[in-house]
Amino acid sequence: MLEDYERYMEMCFRCSLCKWPPLAQVKSWRFSNICPSIQRYNFHAYSGGGRLIVAYAYLQGRIGLTKSLVDLVYRCSMCGACDVSCKHNSDIEVYETLHAFRVQLYEEGAVLPKHREIIENTLRHGNPYGEVKEKKAAWAKNLKVKDLNKEKADVLYFVGCTAALRRPEVAVNTVKILKAAGVDFGILGSEEPCCASTAYKIGARDVFEKHARRNVELVNKLNVETLVTSCAGCYRMFKVEYPTVAELGFEVLHTSQLLEKLIRDSSLKLTGKVPLKVTYHDPCHLGRLGEPRTPWSGVEKKVLGHLILTDPPKPVRRGGGGVYDPPRNVLKSIPGVELVEMERIREYAYCCNAGGGVKAAFPDFALWGARERVEEAKSTGAQAIVTCCPFCEINLSDALNGDGSLKVYDLTSLVAKSLEVGE
């Protein structure tokens, strides 16, 4: 509950580091912001620290539940950038506190209509889009992929709702690449469940826990060695959040990690030239939010300002342990591809601004943030943005709105081009 995070609200000393990358990471004034929300609305309450103050006031009963409060809380993609910047200098759990605030509002019935629709779709249809479950298998027609509902394999390819229903070329390319590498894998097709990532970010803790336990039990029964997913959100749920409520009996990898491994051991040989200058966009769920939790048991001895003394020392997730090198290494392995970096990368990357329910409830704000990222990509001189999240791909493509100066690709698209098997 929210009261469990009260000490973090009290530890915030209004330094505003949550609004910017650490000074050493800032390379220009133009791209010096880290939080789309505070950059867009330019009022302290829209920053990580500002929302901590609001949560504290709400917890103490000094402000009540209003439409404006709910709007403020949810005009945030929950990208975790404020948390990482804050932790450059402190032990404050900004992200976890803001998520607890959302859980509190959800349990009090303060859910935006678009968010309620997502939750209902997740429960009723097994995906946040409200599509009939049979559509989740449409992309695999005629591909002759093992059905793990009936067959056995070493690897489960967990496609994810967005790739299956909105970016099927990602799933098709992934299957063709895995086949080319000789990977023994299969899919669940129309029986693949939703990971409940969006419901979790909205604050629907009960929906998350139900899906986490059920999904882990389902995959454990398949006796696969590895679960591989195209979706950054699915990756984070299985890798970071599910282990908090269930015990996983399998390894969790993002496709970029598996591709890096396959290239390294020569199972995948990329020989086709792809002459393209690209820049890489770090998805928040794969990057800073994809950093695994380290089990810890001990005691909190004392809070000293913005630092917490524990015995033994407690590992603090500061964002650096996410998946950053594998997609870059894969890009560097593709003949003809030139990788140029944006100014804000890795744990300090700027969010595409689609997550956390923003794309559904505040589409104009979602596109505003994506346009900021597109401008940063254009400043590198790249011809294309490459990412490893189908949802990022959608929002960045929507922001371009037919602008032919820049393309957006999923990493698997370029790998498939090099293998000459792509869609």
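See the structure shown above.
Below, the structure is looked at part by part. (Residues numbered from 1 in each chain as written. Predicted model: local features only at pLDDT ≥ 70, side-chain atom pairs only at ≥ 80, totals over all residues. Heavy atoms only, no water.)

## Considerations on the sheet that holds strand β10 (residues 384-387)
Thinking step 1. An order of β9-β6-β10-β11 is seen for the four strands of this open sheet, with the pairing classed as parallel. The sheet is open, and its two borders are formed by β9 (337-339) and β11 (407-410), each paired with just one other strand. On average, adjacent strands in this sheet sit at an angle of 35° to one another, irrespective of strand direction.
Thinking step 2. By the bridge criterion, three bridges tie strand β6 (residues 276-281) to β9 in an arrangement that is parallel. Within β9, the position partnered with Leu276 by the bridge is Val337. (Pairing = 2+ DSSP bridges. Helix = DSSP H or I, 4+ residues; strand = E, 2+ residues; numbered from the N terminus. Axes fitted to C-alpha atoms, helices over the stretch in contact; angles between N-to-C directions.)

## Details of the nonpolar core
Where a protein is soluble and globular, its nonpolar side chains tend to be buried together.
Thinking step 1. Phe101, Trp139, Leu156 and Leu331 are the most contacted members of the largest nonpolar core, which totals 143 residues.
Thinking step 2. With seven residues, helix α6 (residues 94-107) is the largest single contributor of residues to this core.
Thinking step 3. Setting aside chain neighbours within four positions, we find Trp139 in contact with Tyr157, Val159, Ala164, Pro168, Ala171, Val172, Val175 and Ile187. (Core = buried A, V, L, I, M, F, W, Y, C linked by side-chain atoms within 4.5 Å. Buried < 20%, exposed > 50% of the residue type's maximum accessible area, 1.4 Å probe, protein only. Contact = heavy atoms within 4.5 Å.)

## Comments concerning the pattern of salt bridges
Thinking step 1. All chains considered together, the criterion is met by 29 salt bridges.
Thinking step 2. For the salt bridge of Arg7 with Glu300, the shortest nitrogen-to-oxygen distance reads 3.1 Å. One end of the pair, Arg7, is in helix α1 (residues 6-11); the other, Glu300, is in strand β7 (residues 299-304), with 293 residues separating them in the sequence.
Thinking step 3. Relative accessible area serves as the criterion here: at 29%, Arg7 is assigned to the partly exposed category.
Thinking step 4. Using a relative accessible area of 39% as the deciding quantity, one classes Glu300 as partly exposed.
Thinking step 5. One network of salt bridges, in which partners are shared, links Glu96, Arg236, Glu241, Arg293 and Arg317. (Salt bridge = Lys/Arg side-chain N within 4 Å of Asp/Glu carboxyl O.)

What is shown is where atoms sit, not what they do.
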